[in-house]
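Here is what each chain is made of, one letter per residue.
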Amino acid sequence: MLTHLDKKNQPTMVDVSEKTATLRTAWAQSKVWLPAEVRALICDGEIQSKKGPVFQTAVIAGTMGAKNTSAMIPFCHPLPLESCKIEVKLDDEGQVVIDCRVKVHHKTGVEMEALAGATIAALTVYDMLKAASKDMRILETRLVEKTGGKSDFVSPL
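Worth saying up front: this structure is predicted, and the values here are computed from it rather than measured.

**Student:** Pulling in residues and values, what's your account of helix 2 (residues 54-67)?
**Tutor:** What sets the pattern is the α-helix's 3.6 residues per turn: residues three or four places apart point alike. Between its terminal C-alpha atoms helix 2 stretches 20 Å, which fits the 20 Å expected from 14 residues at 1.5 Å a residue. Residues of helix 2 that are buried sit in contact with strand 3 (46-49), strand 4 (52-53), helix 3 (69-72), strand 5 (83-90), strand 6 (95-106) and helix 4 (111-129).

In structure tokens, the structure reads:
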């Protein structure tokens, strides 16, 4: 059953008023593939663009995305995030790996906030580097893990 449909099959926000607030965590990850001409710009694990330091800016943008998820996704509850940690690094294959970990004590989970944070950070990497190459690819964004609420989840990958 889809939770965002009411008894008349109309879209609605889930009613969490009767739920108990518990610690909710989520970890999402995005990956961005960089072509050789962009990887050539990497110096000391960071890329500088005319717009500024790419990875540092992606961390800030991703944090803003996580904090503003309910403004972008209609039925997400506004959540007072207690923690949002974003890490941006390069793997051995020249991919940018973005991890977004979010925590809150609340009645609903933070999966969407973690996914939004990772996605906005990936889009920021693309935006800041598109002048060097438009051949970059956002390969994936996925939920890696979530805890709290009715069930926990760990991605099989």
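Picking up after the structure, the text goes on.
**Student:** Quick rundown of the sheet that holds strand 4? Include the residues and the values.
**Tutor:** Strand order in the open sheet formed by three strands is 2-3-4, and the pairing between neighbours is antiparallel. One side of each edge strand has no neighbouring strand; the edge strands of this open sheet are strand 2 (42-43) and strand 4. Judged from the two bridges that link them, strand 2 and strand 3 form a sheet pairing that is antiparallel. Bridge pairing in strand 3 links Ile42 to Ile47. Against the sheet, helix 2 contacts strand 3 and strand 4, and its axis sits at roughly 90 degrees relative to strand 3.

**Student:** Could you give an account of the pattern of salt bridges, naming the residues involved and the relevant values?
**Tutor:** Enumeration according to the criterion identifies six salt bridges in this entry. The partner of Asp99 in a salt bridge is Lys89, and the shortest N-O contact between them spans 3.2 Å. One end of the pair, Asp99, is in strand 6; the other, Lys89, is in strand 5, with 10 residues separating them in the sequence. What makes Lys89 partly exposed here is its relative accessible area of 36%. The salt bridge partner of Arg142 is Glu140, with a shortest N-O separation of 3.7 Å. With a relative accessible area of 18%, Arg142 lands in the buried category.

**Student:** Describe the environment of Ala66, listing the residues and the values that go with them.
**Tutor:** Mapped onto the fold, Ala66 is located in helix 2. Placed 18 residues apart in sequence, Ala66 and Cys84 show a C-alpha to C-alpha distance of 7.5 Å. Residues in contact with Ala66, not counting those within four places in the same chain, are Leu81, Cys84, Glu113 and Gly117.

**Student:** Break down the nonpolar core for me, with residues and values.
**Tutor:** Leu34, Val96, Ile98, Val125 and Leu129 are the most contacted members of the largest nonpolar core, which totals 29 residues. Taken together, the elements giving at least two residues each to this core come down to strand 1 (22-33), helix 2, strand 5, strand 6 and helix 4. No other element matches the eight residues that helix 4 contributes to this core. Here Leu129 is in contact with Leu34, Val38, Ile47, Val54 and Met136, once residues within four sequence places are set aside.

**Student:** Provide a residue-level description of the sheet that holds strand 5, including the pertinent values.
**Tutor:** Spatial ordering of the open sheet is given by 5-6-1-7-8, a layout of five strands whose pairing is antiparallel. Every interior strand has two partners, whereas the edge strands, strand 5 and strand 8 (153-154), have only one. For strand 5 and strand 6, the ladder comprises eight bridges, and the chain directions are antiparallel. From the neighbouring strand, Glu87 faces strand 6, where its bridge partner is Asp99. The strands touched by helix 2 within the sheet are strand 5 and strand 6, with strand 5 carrying the most contacts at an inclination of about 145 degrees.

**Student:** An account of the side chain of Arg24 is requested, with residue identities and associated values reported.
**Tutor:** Tracing the backbone shows Arg24 in strand 1. Buried within the structure, Arg24 lacks any salt-bridge partner; its nearest side chain of opposite charge belongs to Glu111, at an N-O separation of 6.6 Å. A distance of 2.8 Å separates the side chain of Arg24 from the side chain of Thr22, its partner in a polar contact. At 3.3 Å, the side chain of Arg24 forms a polar contact with the backbone oxygen of His106. Ignoring sequence-local partners within four residues, the contact set of Arg24 consists of Val102, Lys103, Val104, His106, Lys107, Thr108, Gly109, Val110, Thr147, Gly148 and Gly149.

Calculation notes
- Residues numbered from 1 in each chain as written.
- Predicted model: local features only at pLDDT ≥ 70, side-chain atom pairs only at ≥ 80, totals over all residues.
- Heavy atoms only, no water.
- Helix = DSSP H or I, 4+ residues; strand = E, 2+ residues; numbered from the N terminus.
- Expected span 1.5 Å × (residues − 1).
- Contact = heavy atoms within 4.5 Å.
- Pairing = 2+ DSSP bridges.
- Axes fitted to C-alpha atoms, helices over the stretch in contact; angles between N-to-C directions.
- Salt bridge = Lys/Arg side-chain N within 4 Å of Asp/Glu carboxyl O.
- Buried < 20%, exposed > 50% of the residue type's maximum accessible area, 1.4 Å probe, protein only.
- Core = buried A, V, L, I, M, F, W, Y, C linked by side-chain atoms within 4.5 Å.
- Lys, Arg positive; Asp, Glu negative; His and termini not counted.
- Polar contact = N/O pair within 3.5 Å; in protein donor to acceptor, adjacent residues only side chain to side chain.

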